Amino acid sequence: MIMCATILNVNRNNLLVRDNATSQEVIVHTSCTCNFHVNERINIVYNGRMTMSLPPQISAIRIIRLPFNMCL
C-alpha cells in the first residue's frame, strides 16, 4: 500500500505524519529519519498492516520525498 502524507514530527526511529487522504495522524517506523523535515510531503510504501493504537502505527518499506503539491 502507499500512503501520501505530510510530516508533522521527526524522531530518531520514526516519523509522525498526517495521512493526506484521511487527515489521521500515523506513526511511521523507519530505520533512517535523518533526511526528513517537518512539512515535507512523502509517499510511504508499507505492507498494509496498521496497528489499532492511538495514533496508529505502520512500518515503512520505502519512503519517497515528493515535490511540494504532489501526491501519487
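To be clear, the structure that these remarks concern was listed above.
Residues numbered from 1 in each chain as written. Predicted model: local features only at pLDDT ≥ 70, side-chain atom pairs only at ≥ 80, totals over all residues. Heavy atoms only, no water.

Q: Describe the overall build of the protein, with residues and values.
A: Helices and strands together make up the secondary structure of the protein, namely 0 helices and 5 strands. Reading the protein from its N end, one meets helices and strands in the order β-β-β-β-β. In terms of overall size, the protein behaves like a compact globule, its C-alpha atoms giving a radius of gyration of 11 Å where 72 residues would be expected to give roughly 11 Å. If you line up the protein on its principal axes, its C-alpha atoms span 30 × 25 × 20 Å. Across the 72 residues of the protein, 35% fall into the buried class. (Helix = DSSP H or I, 4+ residues; strand = E, 2+ residues; numbered from the N terminus. Rg over C-alpha atoms; globule rule 2.2 N^0.38 Å. Buried < 20%, exposed > 50% of the residue type's maximum accessible area, 1.4 Å probe, protein only.)

Q: Before we move on, could you go through the pairing of strand β1 (residues 2–10) and cite the residues and values that matter?
A: Sheet analysis places β1 next to strand β4 (residues 41–46), joined by 5 bridges and oriented antiparallel. When the sheet's bridge partners are listed, T6 is paired in β4 with R41. The turn linking β1 back onto strand β2 (residues 14–19) is made up of 3 residues. (Pairing = 2+ DSSP bridges.)

Q: Kindly report on the environment of S31, identifying the contributing residues and their values.
A: Relative to the elements of secondary structure, S31 occurs in the loop between β3 (25–29) and β4. Assessed through its relative accessible area of 74%, S31 is described here as exposed.

Q: Go over the nonpolar core, please, and point to the residues and values.
A: In this structure, M3, L15, V17, V28, I42 and I44 are the most contacted members of the largest nonpolar core, which totals 13 residues. When sequence neighbours within four positions are dropped, the list of residues in contact with V17 reads M3, A5, T6, I7, L8, Q24, E25, V26, V28, I42 and I44. (Core = buried A, V, L, I, M, F, W, Y, C linked by side-chain atoms within 4.5 Å. Contact = heavy atoms within 4.5 Å.)

Q: Mind laying out unusual backbone geometry, listing which residues take part and the relevant values?
A: Each neighbour pair has its own omega, and for L54 with P55 the value is -5°, a cis peptide bond. Its identity is not glycine, yet S23 carries a phi of approximately 65°, on the positive side. The residue S23 is located in the loop between β2 and β3 in this model. Positive phi, close to 80°, is recorded for N39, a residue that is not glycine. Looking at where N39 falls in the secondary structure, it is placed in the loop between β3 and β4. By relative accessible area, N39 is classed as exposed at 57%.

Q: Account for the environment of A21, with residues named and values stated.
A: Tracing the backbone through its elements, the reader meets A21 in the loop between β2 and β3. Spatially, the C-alpha atoms of A21 and A5 are 8.0 Å apart, while their sequence positions differ by 16 residues.

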